[in-house]
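Breakdown of the fold
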Amino acid sequence: MTSGGILYIHAVPAVAIPHLKWSLENLIDGLSSITWEQQTQKPEYYCAALEWSGSEERAAQITSALIPLKKIWFEVSFYGDEQELPSWWMYTPELGTFYALTDTAGNFLMSEDRVRSIYEQSGGEPHELLQLFSQALGEPWNNELEPLRENNLERQPPVLLERHVNL
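Residues numbered from 1 in each chain as written. Predicted model: local features only at pLDDT ≥ 70, side-chain atom pairs only at ≥ 80, totals over all residues. Heavy atoms only, no water.

1. What to know about the overall build of the protein
- When helices and strands are tallied, the protein shows five helices and six strands.
- Reading the helices (α) and strands (β) of the protein from amino to carboxyl end gives β-α-β-β-α-β-β-β-α-α-α.
- Sorting the 167 residues of the protein into buried and exposed places 43% on the buried side.
- Of the accessible surface of the protein, which amounts to about 9,200 Å², a share of 51% is contributed by carbon and sulfur atoms. (Helix = DSSP H or I, 4+ residues; strand = E, 2+ residues; numbered from the N terminus. Buried < 20%, exposed > 50% of the residue type's maximum accessible area, 1.4 Å probe, protein only. Areas by Shrake-Rupley, 256 points an atom, 1.4 Å probe, with all protein chains shown as cover.)

Given below as structure tokens:
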């Protein structure tokens, strides 16, 4: 079964759009039909959203293809299927890449080993523990991307939580 997801390009400079299309042409069908709109939070930048088909590996390839553009803010969702859990990538130039597996409701998943590691790293200090959990849950990425999401959510209905997983 083919799954897929959504690529949200929250902000990219106009000069980088041809490079973006070239980077993705072998990974996503329908690039020529992308409708670009001005990003209201960054007037010199543009945004778009499109659905793509494929596996989680394809989502990782899409993410990897966009990172070299540097001045781009984006997210890639993968719906998941019978063999693979849903997942999410977020990228900002300042923070780099964040990746997480999600459940069918869109919550980021964290392994027991990761929780233990965070607790050990914090040394039991409550402030440090909260900061490490914040980082592990992608809050810095969400905080940076949230103001940019408004344009894309107006254009593309938020199907992010509607996972195509047969349970």
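Following the structure, the description resumes.
2. Details of helix α4 (residues 126-136)
- Among the residues making up α4, those that are buried are Leu 132, Ser 134 and Ala 136.
- Backbone geometry just after α4 places Gly 138 at a positive phi near 75°.

3. Quick look at the nonpolar core
- Ranked by internal contacts, the top residues of the largest apolar core, which has 26 residues, are Leu 7, Leu 20, Leu 24, Ile 28, Ile 62, Leu 66 and Ile 72.
- The set of elements that each furnish at least two residues to this core consists of β1 (4-13), α1 (17-24), β3 (45-53), α2 (56-66), β4 (73-78) and β5 (87-92).
- Not counting residues up to four positions away in its chain, the partners in contact with Ile 28 are Leu 7, Leu 50, Glu 51, Trp 52 and Ile 62.
- One finds Trp 73, Ala 100, Trp 141 and Leu 145 within the second-largest nonpolar core, a separate group that totals 10 residues. (Core = buried A, V, L, I, M, F, W, Y, C linked by side-chain atoms within 4.5 Å. Contact = heavy atoms within 4.5 Å.)

4. Focus: the sheet that holds β1
- Spatially, six strands are ordered β2-β3-β1-β4-β5-β6 in an open sheet, and the strand pairing comes out antiparallel. At either end of the open sheet lies a strand with only one pairing partner, and these are β2 (37-38) and β6 (96-101).
- Pairing of β5 with β6 involves six bridges; the strand directions are antiparallel. Along β6, the bridge assignment pairs Met 90 with Phe 98.
- Set on the sheet, α1 makes contact with β1 and β3; between it and β1 the angle comes to about 155°. (Pairing = 2+ DSSP bridges. Axes fitted to C-alpha atoms, helices over the stretch in contact; angles between N-to-C directions.)

5. Topic: the packing of aromatic side chains
- Inspection of every chain in the model, using the stated rule, returns six aromatic pairs.
- Measuring from centroid to centroid gives 6.2 Å for Trp 52 and Phe 78, while their planes differ by 20°, and the two rings are stacked. Highlighted residues: Trp 52 in strand β3 and Phe 78 in strand β4, separated in sequence by 26 residues. One exposure class covers both Trp 52 and Phe 78, and it is buried.
- Centre to centre, the rings of Trp 89 and Tyr 99 are 4.8 Å apart; their planes meet at 50°, and the pair counts as tilted. (Phe/Tyr/Trp six-rings, centres within 6.5 Å; stacked < 30°, edge-to-face > 60°.)

6. Comments concerning α2
- Among the residues making up α2, those that are buried are Glu 56, Ala 59, Ile 62, Thr 63, Ala 65 and Leu 66.
- Turning to α2, the residues buried within the fold contact β1, α1, β3, β4, β5 and β6.
- The N-cap of α2, judged by a side-chain oxygen 3.2 Å from the amide nitrogen of Glu 57 a few residues on, is Ser 55. (Polar contact = N/O pair within 3.5 Å; in protein donor to acceptor, adjacent residues only side chain to side chain.)

7. Notes on the side chain of Glu 75
- If you trace the backbone, Glu 75 turns up in strand β4.
- Accessibility expressed as a relative area gives 2% for Glu 75, which makes it buried.
- Here the side chain of Glu 75 touches His 10 through a polar contact of 2.5 Å, side chain to side chain.
- Not counting the four nearest positions on each side in its chain, Glu 75 is found in contact with Ile 6, Leu 7, Tyr 8, His 10, Trp 88, Trp 89, Met 90, Leu 145 and Arg 149.

8. Brief notes about the pattern of salt bridges
- Scanning all chains against the criterion turns up three salt bridges.
- Put simply, Arg 149 and Glu 75 hold a salt bridge, and the shortest N to O gap is 2.9 Å. Of this pair, Arg 149 sits in helix α5 (residues 139-155) while Glu 75 is found in strand β4, placing the two residues 74 residues apart along the sequence.
- The salt bridge involving Glu 146 is made with Arg 149; its shortest N-O contact spans 2.6 Å. One end of the pair, Glu 146, and the other, Arg 149, are both in helix α5, three residues apart, so they sit about a helical turn from each other.
- The exposure class assigned to Glu 146 is partly exposed, which follows from its relative accessible area of 45%.
- When salt bridges with common partners are traced through the structure, they connect Glu 75, Glu 146 and Arg 149 into a single cluster. (Salt bridge = Lys/Arg side-chain N within 4 Å of Asp/Glu carboxyl O.)

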